[in-house]
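# Per-entry structural report
Read off the chains here:
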Amino acid sequence: MSPQEVDAALAEKEGTVLVAVNSVCGCAAAKARPALKLALASADKKPAKLVTVFAGMETDAVAKMREHLLPYPPSSPCIGLFKDGELVHMIERYHIEGSDLMRIVNNLQGAFEEYC
């Protein structure tokens with residue numbers, strides 16, 4: 001909800017954190033959120049922590065999260081995976097809106113398998 005909470009969520013330098021920048025757009029509702037739910041429900045390995053910020057509502061928190069997601073340009077929805085404090089995997093909006101649901105699920109599960 002705030003820049004301070006974003007920094008606190010990503011402050012730990014050990015373990016994995018999955019970040020979802022959520023939005024009200026159709027691709028968030030039809031693809032990003034369902035893909036996250038399916039990937040997490042059926043993955044053997046999962047991130048240790050799950051966090052989200054909501055574009056259009058939590059403006060300051062989203063701006064702070066986007067600083068952590070550099071060098072990727074602002075994108076919502078998007079999904080980032082951090083390991084030991086470093087961004088190691090990113091799914092940008094164009095990956096979400098241009099893909100079918102199971103491709104996104106498989107992308108996430110592959111990242112979980114590799115980094116978690």
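Anyway, here's the lowdown on the structure attached to this text. Note that this is a predicted model, so its numbers are computed, not measured.

The subject of this paragraph is the pattern of salt bridges. Throughout the structure, instances matching the rule amount to five salt bridges. Among the ionic pairs, Glu67 bridges to Lys64, the shortest N-O distance being 3.0 Å. Note that Glu67 and Lys64 are positioned in helix H3 (residues 59-68) at a spacing of three residues, about one turn of the helix. A single network of salt bridges, built from pairs that share partners, joins Asp7, Lys64 and Glu67.

As a further point, take the side chain of Glu92. Mapping Glu92 onto the fold places it in the loop between strand S4 (86-91) and helix H4 (93-97). The side chain of Glu92 is buried and forms no salt bridge, while Arg66, the nearest opposite charge, is found at 10 Å.

Judged by pairing direction, the sheet is mixed, and its four strands sit side by side in the order S2-S1-S3-S4 without closing on themselves. In this open sheet, the two strands that pair with only one neighbour each are strand S2 (49-54) and S4. Across the sheet, the axes of successive neighbouring strands diverge by a mean angle of 20 degrees, strand direction being ignored. In this sheet, S4 lies alongside strand S3 (residues 78-83) in antiparallel orientation, the contact comprising five bridges. By the bridge assignment for S4, Lys83 is matched with Glu86. The strands touched by helix H2 (residues 26-42) are strand S1 (16-22), S2 and S3; relative to S1, the strand with the most contacts, the crossing angle is about 160 degrees.

What follows deals with the side chain of Glu58. Within the secondary structure, Glu58 sits in the loop between S2 and H3. The side chain of Glu58 is buried and forms no salt bridge, while Arg66, the nearest opposite charge, is found at 11 Å. Those residues within four positions of Glu58 in sequence are excluded, and the remaining contacts are Met1, Thr52 and Val53.

Another point: the packing of H2 against helix H5 (residues 101-115). H5 packs onto H2 with a crossing angle of 45 degrees between their chain directions and a minimal axis gap of 8 Å. Overall, the two elements H2 and H5 adopt an arrangement that is oblique. Like other packed secondary-structure pairs, H2 and H5 cross with a definite hand, here right-handed. From H2, Ala30, Lys31, Pro34, Ala35, Leu36, Leu38, Ala39, Leu40 and Ser42 reach across to H5, where they touch Leu101, Met102, Ile104, Val105, Leu108, Gln109 and Phe112. Class assignment for the residues of the contact of H2 with H5 results in 13 nonpolar, two polar and one charged.

Rules and cut-offs
Residues numbered from 1 in each chain as written. Predicted model: local features only at pLDDT ≥ 70, side-chain atom pairs only at ≥ 80, totals over all residues. Heavy atoms only, no water. Salt bridge = Lys/Arg side-chain N within 4 Å of Asp/Glu carboxyl O. Helix = DSSP H or I, 4+ residues; strand = E, 2+ residues; numbered from the N terminus. Buried < 20%, exposed > 50% of the residue type's maximum accessible area, 1.4 Å probe, protein only. Lys, Arg positive; Asp, Glu negative; His and termini not counted. Pairing = 2+ DSSP bridges. Axes fitted to C-alpha atoms, helices over the stretch in contact; angles between N-to-C directions. Contact = heavy atoms within 4.5 Å. Parallel < 35°, antiparallel > 145°, perpendicular 65-115°, else oblique. Left-handed = near helix turned anticlockwise from the far one by under 90°. Nonpolar A, V, L, I, M, F, W, Y, C, P; charged D, E, K, R; others polar.

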